[in-house]
Amino acid sequence: MNRAYDERYLAQYPFFENLCRHVGLQGILDPLTGVISRSYMIGFAESLIADQVSFSYAILDLDNFKFINDTYGHSVGDLVLMDIAANMADFLRGYGVVGRFGGDEFLIINFRDLEYDDKKSFFVDFYTSGKVLRKKVFFENRSIYVTGTTGCATFPNDANTYDGLFALMDKTLYRGKSKGRNCYIIYLESKHKDTEIRKGGSSGIYVSMHSLIRQFEFVPGLYDKLHSIMPLLKEILRISDLYYTGRQMILRGVLDSSLAEDVSDLDCLTSEDLYYTNNLEKIKDVCPKVYAVLKKRNIETVMVTRIRMEERTYGFLVLAEPRSLRIWQEEECAVMFFLSKMIAAHIRIKGEELL
């Protein structure tokens, strides 16, 4: 069994000192990686909260780990896990511990770095020193470049319960994944308090798209089609309305019939089929009319898909929830792209355009 910790190191913490006597070191550590196993790592964090001991809590998810297993085999995947775990344990030695949460995810407890600037310095070193991540793991005559995505929050500054702390940590992890992975996100209330993570529906992307196209096909008229699919869209995307424009570039709502706003500069936003951001300041100078309309409606996050067939654009679909910071997931982007293509095909075949 590979061991990243011995009894002497863990015994400095009363929680583990007691466990070492009753359970033994082998029972505490994860059999593969030698860091602390999931149940005892969580138990340790909960005991720290009960004793009002301050600490930063982080979750690390190795990027594209399934690809490593599928391409090189699980034995190489295990080697990567052992290497990263051992390096993290060494990196935290003296002021923290590491545990395996499951699969390719690890938990980190850091007693030293509690303020934002200190946490940032920690993660800069964690990511750029070549000691833990953004480094090659060698096996046989080959190597794999390993990266990871990390979310971090601190007790009691950010949350005063375990569930609350883990939720913030998990939220920042998914924020990092939405930014493209290979990064760390430190929770800041001013930036992340209202962030929402929407995961794909339990039915799966195929079922969602199949249901949409079936409903869309069997209802005559473009506007009736849009109204008929709204219950499905609200379930799949968790939205209150779907906004759209025709070629006149007037923003309207499928459900909000009173909405009619000039967004004639929306076409300047991007030439791509899909664009999203949760920082409207990025579009303020490029699309001032769009920016003004969204700010007036208390929108902070927007996804725009172009209704296009070949090189002809018939309008845009817009997702924009008031007072909500959404992290758009890949499945949601796929649904919107698919819907925009269905609408574009209908317009091209039937000649019925959005007004």
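Residues numbered from 1 in each chain as written. Predicted model: local features only at pLDDT ≥ 70, side-chain atom pairs only at ≥ 80, totals over all residues. Heavy atoms only, no water.

**Things to note about the side chain of Asp 113**
Topologically, Asp 113 is positioned in the loop between β3 (105-110) and α7 (116-128). Side chain to side chain, Asp 113 and Arg 112 meet in a polar contact 3.1 Å long. (Helix = DSSP H or I, 4+ residues; strand = E, 2+ residues; numbered from the N terminus. Polar contact = N/O pair within 3.5 Å; in protein donor to acceptor, adjacent residues only side chain to side chain.)

**What to know about the packing of aromatic side chains**
Each aromatic ring pair is summarised here by two numbers: the centre-to-centre distance and the angle between the ring planes. The full count for this structure, using the stated rule, is 25 aromatic pairs. Geometrically, the ring pair formed by Phe 55 and Tyr 57 is edge-to-face, given 5.7 Å between the ring centres and 75 degrees between the ring planes. Neither Phe 55 nor Tyr 57 differs from the other in exposure class; each is buried. One aromatic cluster is present, built from ring pairs that chain together Tyr 5, Tyr 9, Tyr 13, Phe 15, Phe 16, Phe 44 and Phe 111. Over the ring of Tyr 9 we find Arg 93, and its NZ or CZ is 5.1 Å from the ring centre. The ring of Tyr 95 carries the charged tip of Arg 112 above its face, separated from the ring centre by 3.8 Å. (Phe/Tyr/Trp six-rings, centres within 6.5 Å; stacked < 30°, edge-to-face > 60°. Buried < 20%, exposed > 50% of the residue type's maximum accessible area, 1.4 Å probe, protein only. Lys NZ or Arg CZ within 6 Å of the ring centre and 35° of its normal.)

**Details of the packing of helix α6 (residues 74-92) against α7**
The axes of two packed helices give the description: the angle between them and the distance between them. In the contact formed by α6 and α7, the axes pass within 12 Å of each other and the chain directions differ by 140 degrees. Compared by their axis directions, α6 and α7 come out oblique. In the crossing of α6 with α7, the sense of the turn from one axis to the other is right-handed. Packed against α6, whose contacting residues are Met 88, Phe 91 and Leu 92, the element α7 presents Phe 122, Asp 125 and Phe 126 at the interface. Of the residues in the contact of α6 with α7, the class split is five nonpolar, no polar and one charged. (Axes fitted to C-alpha atoms, helices over the stretch in contact; angles between N-to-C directions. Parallel < 35°, antiparallel > 145°, perpendicular 65-115°, else oblique. Left-handed = near helix turned anticlockwise from the far one by under 90°. Contact = heavy atoms within 4.5 Å. Nonpolar A, V, L, I, M, F, W, Y, C, P; charged D, E, K, R; others polar.)

**Details of the layout of surface pockets**
Reported here for the largest pocket is a volume of approximately 360 Å³. Around the largest pocket, the lining comprises 18 residues; the ones closest to its centre are Arg 175, Lys 179, Ile 185, Lys 191 and His 192. Mapped onto the lining of the largest pocket, the elements with two or more residues apiece are α7, β7 (184-186) and α9 (189-192). If one sorts the elements of the lining of the largest pocket by residue count, α9 sits on top with four residues. When its residues are assigned to classes, the lining of the largest pocket shows six nonpolar, four polar and eight charged. (1 Å grid on protein atoms, 1.4 Å probe; cavity = no way out; pocket = protein on both sides within 12 Å on 5 of 7 lines; lining within 4 Å. Points joined across faces, edges and corners; volume = space filled by probe spheres on them.)

**Observations regarding the pairing of strand β5 (residues 142-146)**
Of the strand pairs in this sheet, strand β4 (residues 135-139) and β5 are connected by five bridges, and their pairing is antiparallel. Bridge pairing links Phe 139 to Arg 142 in β5. (Pairing = 2+ DSSP bridges.)

**Concerning the confidence of the model for the protein**
When pLDDT is averaged along the protein, the result is 90; 96% of the residues meet or exceed 70. Mean pLDDT values for the elements of the protein range from 66 in strand β15 (residues 325-327) up to 98 in β3. (pLDDT = per-residue confidence, 0-100.)

**Brief notes about the nonpolar core**
Counting 66 residues, the largest nonpolar core has Tyr 5, Leu 10, Tyr 57, Leu 62 and Phe 126 as its most contacted members. Among the nonpolar cores identified, the runner-up in size contains 28 residues, and Phe 216, Trp 328, Val 335 and Leu 354 belong to it. (Core = buried A, V, L, I, M, F, W, Y, C linked by side-chain atoms within 4.5 Å.)

**Some details on the packing of helix α10 (residues 205-217) against helix α11 (residues 222-237)**
Relative to each other, α10 and α11 sit at 155 degrees, their axes nearing to 9 Å. Looking at the two axes, α10 sits roughly antiparallel to α11. Note on packing geometry: the crossing formed by α10 with α11 is right-handed. Residue-level contacts link Ser 208, Ser 211, Leu 212, Gln 215, Phe 216 and Glu 217 of α10 to Leu 222, Lys 225, Ser 228, Ile 229, Leu 232, Leu 233 and Ile 236 of α11. For the contact of α10 with α11, the class distribution of residues is seven nonpolar, four polar and two charged.

**Digging into the sheet that holds strand β9 (residues 243-245)**
Paired through backbone hydrogen bonds, the strands of a sheet run either parallel or antiparallel to each other. Sheet architecture is open: six strands sit in the order β11-β10-β9-β14-β13-β12, paired in antiparallel fashion. At either end of the open sheet lies a strand with only one pairing partner, and these are β11 (261-262) and β12 (274-277). As defined by bridge partners, β9 adjoins strand β10 (residues 250-253) across two bridges and the pair is classed as antiparallel. Opposite Tyr 243, over in β10, you have Gly 253 as the bridge partner.

**Notes on the pattern of salt bridges**
In total, this model carries 13 salt bridges according to the counting rule given. Among the ionic pairs, Asp 30 bridges to Arg 100, the shortest N-O distance being 3.3 Å. You can see Asp 30 sitting in the loop between α3 (25-28) and α4 (38-50) and its partner Arg 100 sitting in strand β2 (residues 96-102), a full 70 residues away along the chain. The buried category is assigned to Arg 100, whose relative accessible area is 16%. Ionic pairing is found between Lys 296 and Glu 261, a salt bridge with its closest N-O pair at 2.5 Å. Taken as a pair, Lys 296 in helix α12 (residues 288-296) and Glu 261 in strand β11 lie far apart in primary sequence, 35 residues in all. Given a relative accessible area of 55%, Lys 296 falls into the exposed group. Judged by relative accessible area, Glu 261 falls into the buried class, the value being 18%. (Salt bridge = Lys/Arg side-chain N within 4 Å of Asp/Glu carboxyl O.)

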